[in-house]
Amino acid sequence: YRLCRRFTIESGHMLSKHPEKCRWPHGHTRTIEVVVSAAELDSRDMVVDFKALKLALGETVERYDHRMAINSADPLRSSIESIHPDSTIVYEGVDPTTEVMAQVLFEAIAGILDVGYQHETYAIPPGRVRLERVRVWETPTSWAEFAV
């Protein structure tokens, strides 16, 4: 069994290694798809409750909303942070391409699912579901994915 939970955020990035306009600050309405699987359904006949996934992963995904992802070595980093100190998500030594974002999100989400999540009403037991992939849509026609 597999299911997908989608999140939508507004986020910016700068690709300092890009030869053209993408090296300047710009933004995207990003859709993030998280696909999980399980060999069998739980006692409620689900892989996992969609709301449990939303609650468990929301903070990780929302961290990107209305923020600017930037390479730690980008020459504009200090200028941006001096104006908006809490506006950046810094990637150490790599450009925050959609491919890199998908990998970073995959690793963070896998960590959450490995240890499980507990809420007063919703829970994801440790190891209950397997993270298969994270797909990040940069535009309605372009995406990057990281998968196991």
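This one's a predicted model, so the numbers in the text were calculated from it and none came from an experiment.

(A) Molecular detail of the pairing of strand E7 (residues 130–139). For E7, the buried fraction is high: 7 of the 10 residues fall into the buried class. Where strand E2 (residues 26–37) and E7 come together, 7 bridges link them in antiparallel fashion. Residue Thr31 lies in a different strand from E7, and its bridge partner there is Trp137. As paired elements, E7 and strand E8 (residues 142–147) share 6 bridges and run antiparallel to each other. Looking at the pairing, Arg133 lines up with Ala147 of E8. The loop that links E7 with its antiparallel partner E8 comprises 2 residues.

(B) Representation of helix H3 (residues 98–115). Here H3 spans 26 Å end to end across 18 residues, near enough to the 26 Å set by a 1.5 Å rise per residue. Listed in full, the buried residues belonging to H3 are Thr98, Val100, Met101, Ala102, Leu105, Phe106, Ile109, Ala110, Ile112 and Leu113. Positive phi appears at Gly116, one or two residues downstream of H3, with a value of about 90 degrees.

(C) Broad picture of the pattern of salt bridges. Taken as a whole, this structure holds 8 salt bridges when the rule is applied. Its salt-bridge partner being Glu132, residue Arg2 comes within 3.6 Å of it at the nearest N-O pair. Pair noted here: Arg2 is in strand E1 (residues 2–13) and Glu132 is in strand E7, with a separation of 130 residues, a long-range link. A relative accessible area of 18% places Glu132 in the buried class. Across the pair Glu145 and Arg135 runs a salt bridge whose closest N-O atoms are separated by 2.9 Å. Within this pair, whereas Glu145 is found in strand E8, its partner Arg135 is found in strand E7, the two being separated by 10 residues in sequence. Taking relative accessible area as the criterion, Glu145 reaches 32% and is therefore assigned partly exposed. For Arg135, a relative accessible area of 16% corresponds to the buried category. Three or more residues are tied together by salt bridges with common partners; here these are Arg6, Glu33, Arg133, Arg135 and Glu145.

(D) Quick peek at the sheet that holds E2. Strand order in the open sheet formed by 6 strands is E4-E3-E1-E2-E7-E8, and the pairing between neighbours is mixed. Among the strands making up the open sheet, the edge pair consists of strand E4 (88–91) and E8. Here the average twist between neighbouring strands, direction ignored, is 35 degrees. Contacting E1 and E2, helix H1 (residues 50–62) runs over the sheet at an angle of about 25 degrees to E1. H3 contacts E1, E2, strand E3 (68–71), E4, E7 and E8 of the sheet and is inclined by roughly 150 degrees relative to E7.

Rules used throughout
Residues numbered from 1 in each chain as written. Predicted model: local features only at pLDDT ≥ 70, side-chain atom pairs only at ≥ 80, totals over all residues. Heavy atoms only, no water. Buried < 20%, exposed > 50% of the residue type's maximum accessible area, 1.4 Å probe, protein only. Helix = DSSP H or I, 4+ residues; strand = E, 2+ residues; numbered from the N terminus. Pairing = 2+ DSSP bridges. Expected span 1.5 Å × (residues − 1). Salt bridge = Lys/Arg side-chain N within 4 Å of Asp/Glu carboxyl O. Axes fitted to C-alpha atoms, helices over the stretch in contact; angles between N-to-C directions. Contact = heavy atoms within 4.5 Å.

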